[in-house]
Amino acid sequence: MTRSTGPARLRPALRAPAATRGNALPAGAWWLWALGLAAAASRTTNPLLLGLLVGVAGYVVAARRTDAPWARSYGAFIKLGLFVVAVRLVFTVFLGSPLPGTHTLFTVPEVPLPDWAQGVRIGGRVTAEQLVFALYEGAKLATLLICVGAANSLANPARLLKSLPGALYEVGVAVVVAMTFAPNMVADVARLRTARRLRGRPTGGVRAVLQIGLPVLEGALERSVAVAASMDARGYGRTAQVPPAVRRTTHVLTLGGLLGVCAGTYGLLAAQGAVHGLPLLLAGLVAAGAGLRLGGRRTVRTRYRPDRWGVRAWLVAGSGAAVAVLMIWAGAADPEALRPGVLPLTAPVLPLWPAAAVLIGLLPAAVAPLPPSSSDSKEHA
């Protein structure tokens, strides 16, 4: 009598395969996942939930990022988030806060201002409630930046540009160049600091920063010239002739759809407009999609090996969307758990259901293809 090998055969199928050019996730899936986490972060000021979101994003980045230059920018976004929190606290200390408080920590010498500057204060009493409120708000903004940094570290900018609709290709080139500037600059700074360290030169201080800054700007200029030359060689900017009526219809649908998307997104993020936000968002997406499809007729270009949205890509994008939807629902059901009060000053608690919803964002660490080695990443970048 032989044993059944069904579970043994099923187990390898559930494992994530090694990433190749054919099965690599589309860049849009990573961006949808990261934007879902960012939308969830915008709904709460609970530092425990924000820290959990940062931990989820960091774990997925550590498990699925490659050795490409853009994948090294996540640490820079974390430092930027900490800098934002520090700036928010400094502004609260020196510029004051409209939030009252009873627990005075210290007093900063107040600068007298003229009568026309009523409502503005420089210095004065600093309370614990003011600092905690500033910490909560700064942590929320820092989490948003870190989620964007996670998308920059995981998504290949070239594949993102290839996935854009034809109508947005010209705008997409500028956006992709802007998004890749920060990761490439971080990689250049790390490379130059390593070279200076090997030569026995200091890597810190104002003088070292000035000496590193010029080569970094020179490298950025050289990359811009190379990109412009390659675009010109490939015939970038050629468009087809379309009737004026189609062109005007495209503009109306695209602009109207984008306005609907913006208004619907604001309605979903706002506390009072969540009921009308979803229908307006869906209507805007339909109108914008129709406009982009008509606008794509002007672009005469083809796609080489277009990205395919498989089951794993939909799982990654859906996990981020699920986190955002569940967090929005939790904010409507129990707003006090997601926004701990500071008047009176109370310790935040970790709500179980929102925390479990955030953990859904860990799904890409299990289903996304495993990143290749350093040699393979250079080949497939």
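Figured I'd write up the structure that's included with this text. What you see is a predicted model; the values in this text were computed from it and never measured.

A contiguous nonpolar surface patch, about 590 Å² in accessible area, is contributed by Val90, Phe91, Phe94, Leu95, Val111, Leu113 and Ile122. Examined against the element boundaries, Val111 turns out to sit in strand S1 (residues 104-111).

A separate point is the nonpolar core. One recurring pattern in soluble globular proteins is that nonpolar side chains are buried together. Counting 38 residues, the largest nonpolar core has Trp30, Trp33, Leu37, Leu53 and Val316 as its most contacted members. For this core, the element with the highest residue contribution is helix H2 (residues 27-41), accounting for 10 residues. The residues touching Trp30, leaving out its near neighbours within four places in the chain, are Leu25, Val60, Arg64, Ala151, Leu154, Ala155, Val316, Pro364 and Ala368.

Another aspect to go through is the packing of H2 against helix H3 (residues 47-64). Between H2 and H3, the least distance of the axes is 9 Å, while the angle of their chain directions is 165 degrees. Taken together, H2 and H3 sit at an angle that is classed as roughly antiparallel. Remark: the crossing between H2 and H3 carries left-handed chirality. Contacts from Trp30, Trp33, Leu37, Ala40 and Ala41 of H2 reach H3 at Leu50, Leu53, Val56, Ala57, Val60 and Arg64.

Taking 1.5 Å per residue as the helical rise, H3 with its 18 residues ought to reach 26 Å, and the 26 Å between its terminal C-alpha atoms agrees with that figure. Where H3 is concerned, the buried positions are Leu49, Leu50, Leu53, Val56, Ala57, Val60, Val61 and Arg64. For H3, the buried positions fall inside an angular range of 125 degrees around the axis, keeping them on one side. In H3, those exposed residues whose orientation departs by more than 90 degrees from the buried face are Tyr59 and Ala62. Regarding H3, its N-cap is Asn46, as a side-chain oxygen of that residue lies 2.9 Å from the backbone nitrogen of Leu48 further along.

Our next topic: the side chain of Thr92. Structurally, the position occupied by Thr92 is in helix H4 (residues 74-95). Engagement of the side chain of Thr92 in a polar contact is seen with the backbone oxygen of Arg88, the distance being 2.9 Å. Not counting residues within four places of it along the chain, the set of residues in contact with Thr92 comprises Ser97, Gln130, Leu131 and Ala134.

Within the secondary structure, Ile122 is located in strand S2 (residues 122-127). Placed 27 residues apart in sequence, Ile122 and Leu95 show a C-alpha to C-alpha distance of 4.6 Å. Residues in contact with Ile122, not counting those within four places in the same chain, are Phe94, Leu95, Pro109, Glu110, Val111 and Leu113.

Where H3 contacts helix H5 (residues 128-154), the axes come no closer than 10 Å and their chain directions differ by 15 degrees. Taken together, H3 and H5 sit at an angle that is classed as roughly parallel. Judged by the twist between their axes, the crossing of H3 over H5 is left-handed. Contacts between H3 and H5 involve Pro47, Leu50, Leu53, Val54, Ala57, Val60, Val61 and Arg64 from the former and Tyr136, Ala139, Lys140, Thr143, Ile146, Ala150, Ser153 and Leu154 from the latter. Taken together, the residues of the contact of H3 with H5 break down into 12 nonpolar, 2 polar and 2 charged.

Here we come to H4. The terminal C-alpha atoms of H4 lie 31 Å apart, and with 22 residues this matches the ideal 32 Å at 1.5 Å per residue to within 8%. When we look at burial in H4, the residues that qualify are Tyr74, Phe77, Gly81, Val84, Val85, Thr92 and Val93.

The rules we used
- Residue indices begin from 1 for each chain and proceed along its sequence in written order.
- In keeping with the model being predicted, local features are shown solely for residues with a pLDDT of at least 70 and side-chain atom pairs are shown and tallied solely at 80 or more, while totals for entire chains, interfaces and linings include all residues.
- Side-chain measures here rest on the full set of heavy atoms in the structure, leaving out hydrogens and waters.
- For patch building, the residue pool is restricted to those with more than 30% relative accessible area and no salt bridge; the joining distance is 9 Å between like charges and 5 Å between nonpolar side chains (Val, Leu, Ile, Met, Phe, Trp, Tyr).
- Accessible surface area values rest on a Shrake-Rupley calculation with a 1.4 Å probe, where residue burial reflects the displayed protein chains alone.
- Salt bridges are identified by distance alone: a Lys or Arg side-chain nitrogen within 4 Å of an Asp or Glu carboxyl oxygen.
- In this text, helices come from DSSP runs of H or I with a minimum length of four residues, and strands from runs of E with a minimum of two, each type numbered from the N-terminal end.
- The nonpolar core is taken to be a set of buried Ala, Val, Leu, Ile, Met, Phe, Trp, Tyr and Cys residues, with the residues joined through side-chain atoms within 4.5 Å.
- Exposed residues in this analysis have more than 50% of their type's maximum accessible area, buried residues have under 20%, and partly exposed residues fall in between, with area computed by a 1.4 Å probe over protein chains only.
- Contacts between residues were defined by any pair of non-hydrogen atoms, one from each residue, lying within 4.5 Å.
- Each axis is a line fitted through C-alpha atoms, taken for helices only over the stretch in contact, and angles between the N-to-C directions span 0 to 180 degrees.
- Here the angle decides the label: under 35 degrees means roughly parallel, over 145 means roughly antiparallel, 65 to 115 means roughly perpendicular, and every other value means oblique.
- We call a crossing left-handed when the near helix sits turned anticlockwise from the far one by less than a right angle, and right-handed when that turn is clockwise.
- Multiplying one less than the number of residues by 1.5 Å gives the expected span of a helix.
- Picture the helix axis, draw a direction to every C-beta atom, and the arc is the one those directions span.
- Pairs of N or O atoms within 3.5 Å make up the polar contacts considered here, provided that, within protein, one atom can donate a hydrogen while the other can accept it, and that residues adjacent in sequence are counted only when both atoms are side-chain atoms.
- In this classification, the charged set is Asp, Glu, Lys and Arg, the nonpolar set is Ala, Val, Leu, Ile, Met, Phe, Trp, Tyr, Cys and Pro, and all remaining amino acids, among them Gly, are polar.

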